[in-house]
Amino acid sequence: MRIALVAHDRKKDDMVALATEFALRLKPHTLMATGTTGGRLQNEVGLTVERLLSGPLGGDLQIGARLSVGEVDAVVFLRDPMTAQPHEPDINALVRACDVHNVPCATNVATARVLLDGMLR
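Before going into details, it helps to say that this report is about the structure given with it. Nothing here was measured: the structure is a model prediction, and the numbers come from that model. (Residues numbered from 1 in each chain as written. Predicted model: local features only at pLDDT ≥ 70, side-chain atom pairs only at ≥ 80, totals over all residues. Heavy atoms only, no water.)

## Observations concerning the packing of helix 1 (residues 12–21) against helix 6 (residues 109–119)
Next, step 1: Two numbers describe how helix 1 lies on helix 6: the axes approach to 11 Å, and their chain directions differ by 25 degrees. The angle between the axes of helix 1 and helix 6 places the two elements in the roughly parallel class. In this structure, helix 1 crosses over helix 6, and the sense of that crossing is right-handed. Contacts from Asp14, Leu18 and Glu21 in helix 1 reach Val109, Ala112, Arg113 and Leu116 in helix 6. (Axes fitted to C-alpha atoms, helices over the stretch in contact; angles between N-to-C directions. Helix = DSSP H or I, 4+ residues; strand = E, 2+ residues; numbered from the N terminus. Parallel < 35°, antiparallel > 145°, perpendicular 65-115°, else oblique. Left-handed = near helix turned anticlockwise from the far one by under 90°. Contact = heavy atoms within 4.5 Å.)

Written out as structure tokens, the structure reads:
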């Protein structure tokens, strides 16, 4: 499976904890992540992750482009709903692309656990 992992700044610790919880099940899969999130997943969890641009520099759009041509099977996007994001249109475009292309997308830890547990069995 090809899984995209994205987390806003205040959710990066949650992403690291989630990836640690699922590390053994994530390792055999192709993982991609936006810049800083990918670096933390590599350094702190030991996962092999293709690092794309950071979200504000277009990483969300890179994932959306791949998703639209069938190169992403699931997205975990831990969003911070309490902080304004300067690239909000890109964020909305990625979530919309998931809906348009029928790709599972989890936007909080609870749904991410359900998604990963179901897909990685």
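## Some details on the sheet that holds strand 4 (residues 74–78)
Next, step 1: Pairing is parallel across the open sheet formed by 5 strands, whose spatial order is 3-2-1-4-5. With one partner strand each, in any of the chains shown, strand 3 (49–51) and strand 5 (105–106) form the two edges of the open sheet.
Next, step 2: Pairing analysis gives 5 bridges linking strand 1 (residues 2–7) to strand 4, with the strands arranged parallel. If you follow Ala7 over to strand 4, its bridge partner there is Leu78.
Next, step 3: Running at roughly 150 degrees to strand 3, helix 3 (residues 35–45) makes contact with strand 1, strand 2 (30–33) and strand 3 of the sheet. (Pairing = 2+ DSSP bridges.)

## Concerning the pattern of salt bridges
Next, step 1: Under the counting rule described, the total for this entry stands at 8 salt bridges.
Next, step 2: Between Glu21 and Arg113 there is a salt bridge; the shortest N-O distance is 2.9 Å. Residue Glu21 is located in helix 1, and its partner Arg113 is located in helix 6; the two are separated by 92 residues in the primary sequence.
Next, step 3: Of the residues examined, Arg113 reaches a relative accessible area of 39% and is grouped as partly exposed.
Next, step 4: Here Glu50 and Arg66 are joined by a salt bridge, their closest N and O atoms 2.8 Å apart. Residue Glu50 is located in strand 3, and its partner Arg66 is located in helix 4 (residues 59–68); the two are separated by 16 residues in the primary sequence. (Salt bridge = Lys/Arg side-chain N within 4 Å of Asp/Glu carboxyl O. Buried < 20%, exposed > 50% of the residue type's maximum accessible area, 1.4 Å probe, protein only.)

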